[in-house]
Amino acid sequence: ASQTQQPRGALLVVEGGDRCGKTSQCTRLLDALHARGIDARAVKFPDRTSETGKLIDLYLKGAKDVDDHAVHLLFSANRWESMKHIRALLEQGTTLVVDRYAFSGVAYSAAKGLDLEWCKQPDRGLLRPDLVLFLDLDPIAAARRAGYGEERYERVDMQQRVRSNFMSLADGSWKILDASRTVDEIAADVSAAAIAAVEAARSTPLCSDLWC
Ligand code: NYM
């Protein structure tokens, strides 16, 4: 007798510049999904707990200098080392809310002057997200938020370049949201788009073809 296959979970990515409110929105989104009985979990990149992640953490805090190309590859390796686990979760029906992904990888490294096409290559073949929620905030407004400037990259000129790089990566799977609104207003848009993507993912195969 054939076993009924569990519909897969959705790969939902939340992206944006520093201090755009991404982390709060990821928390709100998980709560909204759970409230609807959707099996969902949080994932965050960089994953600062793995070996590559520990090095990345030192780099971001300014405690270690790493060549721009080398650190770009570390961020990519940090994603690759989670792919098997992520795929297994999606296949068992768990939806994932991912705080940053390869789009951050490219947007930040290219903002330091690396070639954008070069930056895309190491992440080529990662799982393709079902939805990218981009929290768009003017870097000047972001700079006024608490905690800004504590880590590497948190400078307005850098964030302007990051924002325009993000925009050049956007395609039909992106939803660009005005992140200058209230947390509740943004959360309402985020959960509506996410719930639609969870539904759509049930009948769409999972693809390891990012940027292919
Ligand atoms: N970042 C994040 C990168 O430069 N490349 C990447 O691939 C990823 C995933 O790390 N300033 C940068 C963006 C952020 C920093 O992110 C850490 P967070 O979300 O503040 O922990």
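All values derive from a computational prediction rather than experimental measurement.

Novice: Is there a simple way to explain the site of the ligand in this structure?
Specialist: Of all residues adjacent to the ligand, which total 14 residues, the nearest are Asp18, Lys44, Arg79, Arg100 and Gly105. Here Arg48 contributes a side-chain N or O atom positioned 3.0 Å from an oxygen atom of the ligand. Arg79 is positioned with one of its side-chain polar atoms (N or O) 2.8 Å from an oxygen atom of the ligand. Protein chains shield 93% of the accessible area of the ligand, which is 490 Å² for the free molecule. Every element with two or more residues in the shell around the ligand is listed here: helix 3 (68-80) and helix 5 (102-111). Broken down by element, the residue count for the shell around the ligand peaks at three residues, all from helix 5.

Novice: Help me understand the pairing of strand 4 (residues 131-136) in this model?
Specialist: Every regular strand shows the same layout, with side chains that alternate between the two sheet faces. With six of six residues buried, strand 4 is to be regarded as a mostly interior element. The side-chain alternation of strand 4 yields two buried faces, one formed by Leu131, Leu133 and Leu135 and the other by Val132, Phe134 and Asp136. Looking at chain direction, strand 1 (residues 11-16) and strand 4 are connected through five bridges and run parallel. Looking at the pairing, Glu15 lines up with Phe134 of strand 4.

Novice: What's the story with helix 5 in this structure? I'm lost.
Specialist: In an α-helix, one full turn covers 3.6 residues, which means residues spaced three or four apart are oriented alike. With 10 of 10 residues buried, helix 5 is to be regarded as a mostly interior element. Buried residues of helix 5: Ala102, Phe103, Ser104, Gly105, Val106, Ala107, Tyr108, Ser109, Ala110 and Ala111, and no others. Packing partners of the buried residues in helix 5 comprise strand 1, helix 3, helix 6 (116-120), strand 4, helix 8 (156-169) and strand 5 (174-178). Looking one or two residues beyond helix 5, the residue adopting positive phi is Gly113, at roughly 110°.

Novice: What exactly am I supposed to notice about the pattern of salt bridges here?
Specialist: Side-chain pairs of opposite charge can arise where the charged atoms are in close proximity. Summed over the entire model, instances satisfying the criterion amount to 19 salt bridges. The partner of Arg8 in a salt bridge is Asp130, and the shortest N-O contact between them spans 2.8 Å. Separated by 122 residues along the polypeptide, Arg8 in the segment before strand 1 and Asp130 in the loop between helix 6 and strand 4 bring together distant segments of the chain. Taking the relative accessible area as the measure of exposure, Arg8 reaches 12% and is therefore buried. Looking at Asp130, the relative accessible area reads 23%, which means it is partly exposed. It is possible to trace a salt-bridge network through shared partners that takes in Arg48, Asp57, Lys61 and Glu151.

Novice: Just to check I follow, could you spell out the UniProt feature "domain: Thymidylate kinase-like" (unreviewed entry) in the protein for this structure?
Specialist: This chain's UniProt record puts "domain: Thymidylate kinase-like" (unreviewed entry) on residues 14-189. Secondary structure over residues 14-189 splits into 49% helix and 14% strand, and the C-alpha atoms at its two ends are 13 Å apart.

Novice: Hey, could you run me through the side chain of Ser76 in this one?
Specialist: Relative to the helices and strands, Ser76 resides in helix 3. We classify Ser76 as buried; its relative accessible area is 2%. Discounting chain neighbours no more than four positions away, the residues touching Ser76 are Pro122 and Asp123.

Novice: Would you mind going over the sheet that holds strand 1 with me for this structure?
Specialist: The strands that make up a sheet are held in pairs by hydrogen bonds between backbone atoms, and each pair lies either parallel or antiparallel. Judged by pairing direction, the sheet is parallel, and its five strands sit side by side in the order 2-3-1-4-5 without closing on themselves. For this open sheet the edge positions go to strand 2 (40-44) and strand 5, each flanked by a neighbour on one side alone. The mean inter-strand angle of the sheet, taken between neighbouring strand axes irrespective of direction, is 20°. The pairing of strand 2 with strand 3 (residues 95-99) spans five bridges and is classified as parallel. When the sheet's bridge partners are listed, Val43 is paired in strand 3 with Val98.

Novice: Any chance you could explain the nonpolar core here in plain terms?
Specialist: Nonpolar side chains in soluble globular proteins tend to end up buried together. Counting residues in hydrophobic clusters, the biggest one holds 40 residues, and the most contacted among them are Ile86, Tyr101 and Phe103. Elements with a contribution of two residues or more to this core: strand 1, helix 2 (51-60), helix 3, helix 4 (83-91), strand 3, helix 5, strand 4 and helix 8. Counting residues per element, this core draws most heavily on helix 5, at seven residues. Setting aside chain neighbours within four positions, we find Ile86 in contact with Leu11, Val43, Phe45, Leu96 and Leu127. In this structure, Leu131, Leu177, Ala193 and Ala201 belong to the second largest nonpolar core, which totals 25 residues.

Procedures and definitions
- Residues numbered from 1 in each chain as written.
- Predicted model: local features only at pLDDT ≥ 70, side-chain atom pairs only at ≥ 80, totals over all residues.
- Heavy atoms only, no water.
- Near = heavy atom within 4 Å.
- Polar contact = N/O pair within 3.5 Å; in protein donor to acceptor, adjacent residues only side chain to side chain.
- Areas by Shrake-Rupley, 256 points an atom, 1.4 Å probe, with all protein chains shown as cover.
- Helix = DSSP H or I, 4+ residues; strand = E, 2+ residues; numbered from the N terminus.
- Buried < 20%, exposed > 50% of the residue type's maximum accessible area, 1.4 Å probe, protein only.
- Pairing = 2+ DSSP bridges.
- Contact = heavy atoms within 4.5 Å.
- Salt bridge = Lys/Arg side-chain N within 4 Å of Asp/Glu carboxyl O.
- UniProt positions renumbered as here; feature names shortened; annotations may be inferred.
- Axes fitted to C-alpha atoms, helices over the stretch in contact; angles between N-to-C directions.
- Core = buried A, V, L, I, M, F, W, Y, C linked by side-chain atoms within 4.5 Å.

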